[in-house]
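# What the coordinates show
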Amino acid sequence: MTEKGKYRVCGALAGTVNGLFGGGGGIPLAFLLRSWAKLSDKTALATCVAVIFPFCLVSVLVYAFRGALPLGEALPYLVGGLAGGWIGGRLFKDVPNTWLKRIFALFLLYGAVRYSVTGWLFPALCGLLTGILSSWGVGGGTLLLLCMTLFFGVEQRTAQAINLLYFLPTAGISLFAHRKNGYLDKAVLRAAIPTGTLCALAAAFLTTMVDSSVFRKPFGLFLLYAGLSILFEKKKNSKKETP
């Protein structure tokens, strides 16, 4: 398969996952860009943030069209996420690749297990921390979903809508830094975004009509495989780091 074909498949898979679960598409995308498309760690993770951005945007529009976009509940997460995205974008180039890989792998494993506090303070702090991780492309959106549903008592579909909306300012502000530092792979963006956006749009419509929990266990098994693969992988020959 050509590189462009690989990027399209990666985008389609990520868009489908993101639309179905209201987030989480960056996890298989980052994993496949590293392991299958052989992009370097930071290029894969930063490019992942840019690819996922339009997926979340079209999904947010679907939730808004369906009257399922809780702006009031989302606001504290947006404030924290915006700050976290700015901080994470500025710190990204100085974070060692080993840290990024381990953080990413641990979130994959945590998400695998979980898939098979009200008020402003805790949601904003949660948004801040996951915003930093989201800007690094290491599963911050997935963690935010888990925190909202497990600890803050947010209903699953409401949490998905909040998570999609939250990713827009978080990713958007971090992309300025990623672009400045040269970490975005334009070939991936051109190939992955169109197919992935269409899949995200279709999946978002689907998840507002059916129970998406049927897909959670297979997704959890994938997270388990991906997390263990990253933790125990041998040194790979990836494309040259930019810069």
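Quick note: structure is the one above.
Quick caveat, the model's predicted, so the values are computed rather than measured.

Cut-offs used in this document
- Sequence order as written defines the numbering, with residues in each chain counted from 1.
- pLDDT decides what is reported in this predicted model: residues at 70 or higher carry local features, side-chain atom pairs at 80 or more are listed and counted, and totals for whole chains, interfaces and linings draw on all residues regardless.
- Each side-chain value is worked out from all heavy atoms of the structure, with water and hydrogens disregarded.
- Working definition: helices are DSSP H or I runs of at least four residues, strands are E runs of at least two. Numbering for both runs from the N terminus.
- Relative accessibility decides the category of a residue: with a 1.4 Å probe and only protein chains considered, values under 20% of the type maximum give buried, values over 50% give exposed, and everything between is partly exposed.
- Accessible surface is estimated by sampling points in the Shrake-Rupley manner with a 1.4 Å probe; for residues, cover comes only from the protein chains shown.
- Centres within 6.5 Å are what make two rings of Phe, Tyr or Trp a pair, Trp counting through its six-membered ring; a difference in plane orientation under 30 degrees is then read as stacked, over 60 as edge-to-face, and the rest as tilted.
- Sitting over a ring, as applied to charges here, requires NZ of Lys or CZ of Arg to be within 6 Å of the ring centre and within 35 degrees of the ring normal.

It is worth spelling out the overall build of the protein chain at this point. For the protein chain, the count of helices and strands is 10 helices and zero strands. In the protein chain, the order of α-helices and β-strands from amino to carboxyl end is α-α-α-α-α-α-α-α-α-α. Relative to its 243 residues, the protein chain shows a buried fraction of 56%. Accessible surface computed for the protein chain: about 10,900 Å², of which carbon and sulfur atoms make up 68%.

One pass over the full model with this rule turns up one aromatic pair. Pairing Phe-92 with Tyr-183 gives two aromatic rings, centres 5.4 Å apart and planes at 90°, and the pair type is edge-to-face. No difference in accessibility class separates Phe-92 from Tyr-183, as the two residues are buried. Stacked on the ring of Phe-92, the Lys or Arg Lys-42 has its end atom at 5.8 Å from the ring centre.

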